[in-house]
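Okay, here's what each chain looks like letter by letter:
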Amino acid sequence: MSDNKSGQVWPTFKRLWPFVRPYKQAFIVAVLAMAVYGGIDAALIYMLKPFIDNGLQPGDTEFLRWVPVFIVGMFVLRGSANFVSTYCMAWVSQHVIRAMRQTVFEKYLRLPVSFFDARPSGELISKVTYDTEQVSRASSGALVTMVRDGFTVVAMLAIMFWESWQLSSIIFLVGPPVAWVIAFVSRRFRNISKNIQAAMGGVTSATEQTLKGHKNVLAFGGQALEAERFAKVNNQNRQQNMKLAAAQAISQPAIQVIGSFALAAVFFAASFESVLHSMTPGSFVVIISAMMGLLAPLKRLTRVNAEFQRGIAAAQSVFSVLDEPDARDTGTQTLSSSQGKLTMENVVFSYPNSDGPVLKGIDLEVPAGKSVALVGRSGSGKTTLSTLLPRFYELDSGKIRLDGVDISELTLASLRQQIATVSQQVVLFNDSIANNIAYACEENVSREQIEAAAKAAHVMEFVEKLPDGLDTLVGEDGVLLSGGQRQRIAIARAILRDAPILILDEATSALDTESERAIQAALETLQQGRTSLVIAHRLSTIESADEIVVMDQGQIVERGSHAELLAKQGAYFQLYQLQFGEE
């Protein structure tokens with residue numbers, strides 16, 4: 001959200017309304033119940049006038065007999081209105097928060113990869129959990145209090161001016177100072193709330209980072225370092241919350257002191273006989289009671305204002321994510337199936353905030369059904385080149401074509417359906433092995449197909465030893481499996497996908513020698529009839545590739561078969577010597 005709107009409440013309300021609109025009937029019922037609640041509070045005070053002026057007159061016992069019935073009836077009605085308003089607002093707010101969380105989560109699924117590269121995952125998780133919860137609290141408890149007490153204040157003022165506009169006009173003397181205090185602390189609350197959200201994101205990030213790297217923390221003895229790191233962000237969160245508490249603690253007595261001046265002025269004005277004789281004792285008591293009654297809702301309004309402003313700031317934080325542009329999907333053509341011919345023409349690419357291009361004028365052609373291996377030192381651009389095929393990033397310049405069609409002209413779903421990837425960083429979901437293998441398959445695959453893919457990837461070798469077989473849960477990110485086992489499941493997933501293009505990014509990097517031999521055979525079977533882009537550090541795994549491309553500093557420096565490149569005794573020969581020179 002742009003800075004010029006960051007401090008505005010009304011634009012935020014306008015953007016929240018579409019989330020509330022489907023439940024507007026319940027919202028209207030809640031508002032009406034709040035109006036009844038506020039009106040009853042004012043009516044109870046107004047009843048002091050006939051009670052004093054009539055009920056206390058000698059011999060008028062009939063009026064006093066009806067007062068208890070009236071009081072009980074009003075409090076029953078008041079309690080019912082309180083229940084209806086609180087329940088309806090809670091019902092609406094929970095639906096709103098569910099819809100908002102779903103919207104943010106689905107937005108994450110549409111955002112480009114570069115968005116996640118630039119932001120800590122803890123901050124993004126905090127927006128779905130903490131920020132949306134703040135919106136919920138503001139839209140239920142805080143909004144109920146503000147609307148209900150707002151009706152009470154309006155009703156009290158109406159009673160006061162009805163009884164004596166001369167005395168009640170004194171309230172205008174304190175109105176501007178009160179309005180200024182509320183406006184000032186509202187801005188203060190909102191700014192501090194934004195800092196609290198940022199601090200909460202830091203707490204979430206630090207926690208997530210430590211939990212994910214728990215084994216490394218223990219192995220390197222980093223407990224004290226992580227504890228100190230968490231203590232720092234935890235203390236920042238505490239400091240911001242204390243600033244909010246301080247602003248809240250100062251604002252409440254400030255408004256009450258200002259209100260006391262109005263009350264004192266009324267008593268002073270009433271000391272003049274002309275004023276005193278212009279009203280009955282009941283009228284004077286009602287005015288004083290109404291002014292006293294204003295202090296309590298004003299105090300609650302100031303207290304709840306902090307929570308309300310925190311909700312507004314949280315909503316703006318959520319909307320800042322929703323305002324991010326989706327990943328570019330301007331292509332209109334679709335491919336049901338492709339032959340797999342890849343052509344790269346003068347491809348130039350640089351990451352955001354990088355010093356220069358990571359890829360510099362790459363020209364490469366991969367015939368359909370052939371395998372091309374990319375080798376080179378770390379940082380040469382091999383993996384980056386593979387991420388451009390499914391359009392995780394957009395090119396600076398140049399073209400990448402699939403079967404002669406520019407991939408930017410294809411829909412993202414159609415393009416990515418043609419590609420299966422097995423990377424060195426295997427991602428598994430907290431589900432069964434079978435469901436991880438069949439992840440996101442468009443058609444319902446049979447158990448036999450899953451078992452066939454698992455057998456081809458040598459998954460069954462360790463699955464048969466598990467008590468639940470393919471139905472065994474792998475834990476979060478496959479934590480219950482070894483690195484080699486996770487890699488085999490990823491390969492089985494690619495086999496089942498049966499895509500015409502394969503990207504193998506260090507696909508055997510996590511395997512021991514015995515497992516690597518078994519998987520290598522499965523990969524060779526998998527690559528038959530498919531276009532393969534193989535990124536490998538172990539040169540022994542790519543000797544049979546149709547072409548080997550050597551990259552260095554974002555450029556292609558050599559290409560040819562394994563035998564041809566060894567004969568040249570160039571860059572590939574040097575890499576080969578580093579790995580096998582001693583042998």
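Values in this document were obtained by computation on a predicted structure and should not be read as measured data.

Looking at the overall build of the protein
When its secondary structure is counted, the protein shows 21 helices and ten strands. Looking at the protein residue by residue over its 583 residues, the buried ones come to 45%. For the protein, the proportion of contacts with a sequence separation of at least 24, taken over those separated by at least 6, is 78%. Element-wise, carbon and sulfur atoms account for 58% of the exposed surface of the protein, whose accessible area totals about 29,900 Å².

What about the sheet that holds strand β8 (residues 531-535)?
The strands making up a sheet are joined through hydrogen bonds of the backbone, oriented either antiparallel or parallel. Taken in spatial order, the six strands of this open sheet run β6-β7-β8-β3-β9-β10, and their pairing is mixed. At either margin of the open sheet sits one strand with a lone partner, and together these are β6 (419-422) and β10 (555-560). The sheet shows a mean angle of 20 degrees between the axes of neighbouring strands, direction not considered. In this structure, strand β7 (residues 501-505) lies alongside β8, joined through five bridges in parallel fashion. Looking at β8, one finds that L504 is bridged to V534. The strands that helix α18 (residues 483-497) touches are β6 and β7; relative to β6, the one it contacts most, it runs at about 170 degrees. Running over the sheet, helix α21 (residues 571-580) touches β3 (371-376), β9 (547-552) and β10 and is turned about 90 degrees from β9.

Some details on the side chain of S126
Mapped onto the elements of the fold, S126 is located in helix α6 (residues 121-163). Non-local contacts of S126, meaning those with residues more than four positions away in its chain, are made with D131, Q197, M200, G201 and T204.

Remarks on the pattern of salt bridges
Under the counting rule described, the total for this entry stands at 13 salt bridges. Between D323 and R15 there is a salt bridge, with its nearest N and O atoms 2.9 Å apart. Separated by 308 residues along the polypeptide, D323 in the loop between α12 (281-322) and β1 (342-349) and R15 in helix α1 (residues 10-20) bring together distant segments of the chain. Notably, a salt bridge pairs R101 with E133, separated by 3.2 Å at the nearest N-O pair. Pair noted here: R101 is in helix α4 (residues 61-110) and E133 is in helix α6, with a separation of 32 residues, a long-range link. Residue R101 is classed as partly exposed on the basis of its relative accessible area of 28%. Three or more residues joined by partner-sharing salt bridges are found here, namely K107, R110 and D326.

A short note on the environment of E409
When you line up the elements, E409 lands in the loop between β5 (405-406) and α14 (412-416). Relative accessible area serves as the criterion here: at 39%, E409 is assigned to the partly exposed category. As for E409 and G331, which are separated by 78 residues in sequence, their C-alpha atoms are 4.0 Å apart. Setting aside residues up to four positions removed in sequence, E409 forms contacts with G331, T332 and Q333.

What about the UniProt feature "transmembrane region" (unreviewed entry) in the protein?
UniProt annotation of "transmembrane region" (unreviewed entry) refers to residues 26-46, 66-92, 142-161, 167-185, 253-272 and 278-298 when read in the numbering used here. Taken end to end, residues 26-46 has its terminal C-alpha atoms 30 Å apart, with 100% of it in helix and 0% in strand.

Comments concerning the environment of A507
Residue placement: A507 occurs in the loop between β7 and α19 (513-527). Each C-alpha atom of the pair A507 and S423 lies 5.5 Å from the other, and the pair is 84 residues apart in sequence. If sequence neighbours within four positions are ignored, A507 has contacts with V422, Q487, I491 and L523.

Some details on the nonpolar core
I433, I437, V459, L470, I542 and Y572 are the most contacted members of the largest nonpolar core, which has 45 residues in total. It is α18 that contributes the most residues to this core, seven residues altogether. Look past the residues within four positions of V459 in its chain and what remains in contact with it is I433, A454, R488, I489 and A492. Membership of the second largest hydrophobic core comes to 28 residues, among which are L342, L385, L402 and I535.

As for a nonpolar patch on the surface
On the surface, a nonpolar cluster with roughly 370 Å² of combined accessible area is contributed by F83, Y87 and W91. Inspection of the secondary structure puts W91 in helix α4.

Description of helix α16 (residues 447-456)
Listed in full, the buried residues belonging to α16 are I450, A453 and A454. Projected onto a plane normal to the axis of α16, the buried residues spread over an arc of 100 degrees and lie on a single side. More than 90 degrees from the buried face of α16, the exposed residues found are E448 and K455. Just past α16, the residue H458 takes up positive phi, approximately 60 degrees.

Here we look at the sheet that holds strand β2 (residues 359-366)
If you trace the four strands from one edge of the open sheet to the other, you get β2-β1-β4-β5, paired in antiparallel fashion. Both edges of this open sheet fall to β2 and β5, since each of them pairs with a single strand only. Alignment of β1 against β2, held across five bridges, turns out to be antiparallel. Pairing of V347 across the sheet is with I362, part of β2.

As for unusual backbone geometry
The residue H458 is not glycine, and still its phi comes out positive at about 60 degrees. For Q569, which is not a glycine, the phi torsion comes out positive at approximately 55 degrees. In this fold, Q569 is placed in the loop between α20 (562-568) and α21.

Thoughts on α18
Taking 1.5 Å per residue, 15 residues should reach 21 Å; α18 reaches 21 Å between its end C-alpha atoms and fits that length. Burial within α18 is extensive, with eleven of its 15 residues counted as buried. Within α18 the residues assigned to the buried category are G484, Q487, R488, I489, A490, I491, A492, R493, A494, I495 and L496.

Thoughts on the packing of α16 against α18
For any two helices packed against each other, one specifies the inter-axial angle together with the distance between the axes. Two elements in contact, α16 and α18, have axes whose closest approach is 8 Å; the angle formed by their N-to-C orientations is 130 degrees. When the axis of α16 is compared with that of α18, the two are oblique. The crossing of α16 and α18 is right-handed. Two secondary-structure elements touch here, α16 through Q449, I450, A453, A454 and A456 and α18 through A492, I495 and L496. Residue classes in the contact of α16 with α18 are distributed as seven nonpolar, one polar and no charged.

A look at the environment of Y130
Along the chain, the position of Y130 falls in helix α6. Once you skip the residues sitting within four places of it in the chain, Y130 turns out to touch I196, Q197, M200 and R310.

Analysis parameters
- Residues numbered from 1 in each chain as written.
- Predicted model: local features only at pLDDT ≥ 70, side-chain atom pairs only at ≥ 80, totals over all residues.
- Heavy atoms only, no water.
- Helix = DSSP H or I, 4+ residues; strand = E, 2+ residues; numbered from the N terminus.
- Buried < 20%, exposed > 50% of the residue type's maximum accessible area, 1.4 Å probe, protein only.
- Contact = heavy atoms within 4.5 Å.
- Areas by Shrake-Rupley, 256 points an atom, 1.4 Å probe, with all protein chains shown as cover.
- Pairing = 2+ DSSP bridges.
- Axes fitted to C-alpha atoms, helices over the stretch in contact; angles between N-to-C directions.
- Salt bridge = Lys/Arg side-chain N within 4 Å of Asp/Glu carboxyl O.
- UniProt positions renumbered as here; feature names shortened; annotations may be inferred.
- Core = buried A, V, L, I, M, F, W, Y, C linked by side-chain atoms within 4.5 Å.
- Patch = residues over 30% accessible without salt bridge, like charges linked within 9 Å, V, L, I, M, F, W, Y side chains within 5 Å.
- Arc of directions from axis to C-beta.
- Expected span 1.5 Å × (residues − 1).
- Parallel < 35°, antiparallel > 145°, perpendicular 65-115°, else oblique.
- Left-handed = near helix turned anticlockwise from the far one by under 90°.
- Nonpolar A, V, L, I, M, F, W, Y, C, P; charged D, E, K, R; others polar.

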